[in-house]
Amino acid sequence: MQSSDSPDANREGNLIDVRRLFLVVRERWIGALVCAVLVSGLLAWGLLRQIPVYATTSTLLVERSNDRVVDIKQVVDNSVDSSLTDALLLTHIQQIRSRTFLARAIASLTPGERASTLAAYPPAKKSANPLLKVDASAQLASPSPDKVEKDPSAPPSEESRLEDLISRNLKVERSGRTLLITLTMRHRDPAAAQFLANKLVDEYIAFLIDRATASNDSALVFLKREADDLRERVEAAEQNVQAYREKNNLFFIEQNQNIVSQRLRELSNSVTQARVRRQSLDAHVDQVEKITRGETDARSLASLPEFGAFASVQRQIDELRAKRDVLAESKGAKHPAMLDNATSLETLQRLRTQQIDAALADLRNQRDRALTDEKQLGVELAAAEKESLRYDQLAVEYNSLRSAVETTRATYATILSRLNETTISSRLQNTNIKFTDPAVMPVQPVEPNRMKILFIVGAMGALAFFGYPLTADKLDTRIKSWSDVEHYLKAPLLGEIDAANAVATPRRAGIVINGLDEEVAEGFRTLNNQIQLSSKERGPKTILVTSTIPSEGKSFVVSNLGASFAAHGSRTLLIDVDFRRPNLHRGFKVSNENGILAWLSSGAEVTPEVAQDKTLGITQVGPGLFLLPSGGESRKLTELLVRGRFTPLIRQLQKDFDLIILDTPPAGVFPDAEACCSLATEFFYVCRFAGPERLHTRQTLDRLRQRDAAFLGVVINAVPPGRTGAYALSGWGHGRRHYKSYYARR
């Protein structure tokens, strides 16, 4: 058995749904046809009675830019970039639909045009409400007409009727991806439809021109006011600049800045040179002072430019010292030559000292003068820097004033140029929309549209044809399918038995025995196999068969199922326990004079040979198949079960046969079947297709399940052709109709 979650099961479920739809429609096709014809006829009658409505279309072209004499841009620019085309067209469409434009268009209509437009649409008559009438004395006493309450039942005004008529019948849309806008007007009068379509286009173009003109006029006033204001601001700014120059003597501010900058550079260089000279003199003075203190050799003074004469004196001193050293080797210290040498050396050394002192004093004087010059130049440099900063600050303020003047003058020039452009553009065409295709008078009405009505009627008829049987099927609470059994009754489905319409009712009990209908016989073979698989009893057993209401085919199922079990080798006994209305003997054409009730009335005892008792009347009706008739009619089955020999009789017969099948009264009507459950080991339930109600069946089945007999499942009987096999839960019997022709081949 395949899982219901497999792809094949899902695909099969879809086919079953389609087939179920077809079968549901086939079962109720007469009612569906009547419903479809009725719905289609009423709908067609209502649609064809509509008042004829005519439609005509006028077309507007939205150009990307206006035709201009000069290439300037308007203040109110109606040209658009290609990326804004959709937004522009949508704006025009919404403007045409707006209440503001419709009110303007309605206001432009003459009284005669209004009357002709509304002639085909008379106002709905409303009865006056006497409760809303205003007392005359109260109206006279009221000082203001606004305090008088309006009567809501009063007819709408002419303007309201026109606005409602146009707004409901006007369709404005873009024509594809083009720059065309179409206005389609519907009206009961073709001439009025043509007039309104063209009138709305003309009025919309005039509306755009008036709006653009008003916008240009307001722009001209604004630009003139701005130009006058900017001119005054330019003059005031130039006067401020002139006054600032006079106040700070800045007629030649750039030349003054250059002179101060040149002077600042010169002073900076002079200060640097003075500082270098002073530092050089400081070094020379320090060097001479070290020599005078004896810290440095005096010969180093010869390298200084201030001690040029000192070099010759020092050379003479060095020569005398060298000569003295030579004389000291050969002469004594008192030698005249030595004394002359000492005198000359002393004189030269004194001269050298005087030269050093004089040069040192001169160096110090030079250093003092250099320091004084450096300080003076520093003062002059600071003054020059201050002057330069002052000129820079004045220049910044001056340039700021000049910049303000130039900015204001540039703005003034722009506004002036814009004013000139606006003046010219205001004299050009003020809209980029043209009336390209006027509306013509329609000849054929668009409503009622016979093709559309035919389509609607056909669609509604088809909907009614399929909807009626589906709705009726959904509302039908009778058991008709495996889903009703498994989902609502919560019971397994044992099998489905085809309706034996091809066999006469008296002969149907012998379908399996005599092979009268192979399809029905195959259903009983499948049921046989399902019972064998579902049953837990392997020895002799007793199966009880019941239903909810009468005429569900219990006896038919019992007869042919017993024949199927007998054909499989089981010694089978059919017992007609439906004492209220016995029926099994009729199917096999057996007399009902002998049977259970007759045997009970005879007073016979239950013995091992009771099955051969002629009063009991057990008759063989087929190979391995036996029938025990009721032997009369009685309503006291429950009393017979409680007392008497009926129960021992059944117990004895269970020993003589492999299988006993009890045909009981309907359990949903009588308690007999429920009482007989004590005699059976198992039972199954027969439901006629579209027979019992689901709720009644479920309640009855729930009571039976509480008994000792094991519940096998439900059998759906008398399933119409095409409805069986598709819902079988096991592999047996599924699709046997589809392969009938294959197995019928010779």
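Source: prediction; values computed, not measured.

**Student:** How would you summarise a nonpolar patch on the surface if you had to cite specific residues and measurements?
**Tutor:** On the surface, a nonpolar cluster with roughly 510 Å² of combined accessible area is contributed by Trp29, Ile30, Leu33, Val34 and Val37. Locating Val37 in the fold gives a position in helix H2 (residues 29-48). For Val37, a relative accessible area of 55% puts it in the exposed group.

**Student:** Break down helix H22 (residues 694-705) for me, citing the residues and quoting the values.
**Tutor:** For an α-helix, the turn length of 3.6 residues means that residues three or four places apart are oriented alike. Helix length check: H22, at twelve residues, gives a terminal C-alpha distance of 16 Å against a target of 16 Å (1.5 Å per residue), a fit within 8%. Residues of H22 that are buried in the fold lie against strand S6 (541-547), helix H21 (672-676), strand S11 (682-688) and strand S12 (710-719).

**Student:** Can you tell me about unusual backbone geometry, naming the residues and giving the values?
**Tutor:** Cis peptide bonds are those with omega within 30 degrees of zero, and the linkage from Glu447 to Pro448 qualifies with 0°. In this fold, Pro448 is placed in the loop between strand S4 (433-437) and helix H12 (450-475). Positive phi, normally seen in glycine, also occurs at Ala690, with a value near 55°. As for its position among the elements, Ala690 is in the loop between S11 and H22. Residues other than glycine seldom take positive phi values, yet Ala718 does so here, at roughly 60°. Here Ala718 shows up in strand S12.

**Student:** Hey, could you go over the environment of Phe657 for me, with residue numbers and the actual values?
**Tutor:** By secondary structure assignment, the location of Phe657 is in the loop between helix H20 (646-656) and strand S10 (659-663). Take Phe657: its relative accessible area is 4%, and that puts it in the buried class. Along the sequence, Phe657 and Ser570 sit 87 residues apart, while their C-alpha atoms lie 8.1 Å from each other. If sequence neighbours within four positions are ignored, Phe657 has contacts with Pro540, Arg571, Thr572, Leu573, Ile618 and Phe626.

**Student:** Residues and numbers for the pairing of S12, please.
**Tutor:** For S12, the buried fraction is high: eight of the ten residues fall into the buried class. Inspection of the sheet shows strand S5 (residues 493-498) paired to S12 by four bridges, in the parallel sense. Among the inter-strand pairings, Leu493 is bridged to a residue of S12, identified as Val714. The pairing of S11 with S12 spans seven bridges and is parallel. Note that in S12 the partner of Tyr685 across the bridge is Val714. The handedness of the S11 to S12 crossover, carried by H22, is right-handed.

The rules we used
- Residues numbered from 1 in each chain as written.
- Predicted model: local features only at pLDDT ≥ 70, side-chain atom pairs only at ≥ 80, totals over all residues.
- Heavy atoms only, no water.
- Patch = residues over 30% accessible without salt bridge, like charges linked within 9 Å, V, L, I, M, F, W, Y side chains within 5 Å.
- Areas by Shrake-Rupley, 256 points an atom, 1.4 Å probe, with all protein chains shown as cover.
- Salt bridge = Lys/Arg side-chain N within 4 Å of Asp/Glu carboxyl O.
- Helix = DSSP H or I, 4+ residues; strand = E, 2+ residues; numbered from the N terminus.
- Buried < 20%, exposed > 50% of the residue type's maximum accessible area, 1.4 Å probe, protein only.
- Expected span 1.5 Å × (residues − 1).
- Contact = heavy atoms within 4.5 Å.
- Pairing = 2+ DSSP bridges.
- Right-handed = clockwise from strand over helix to strand, strands pointing away.

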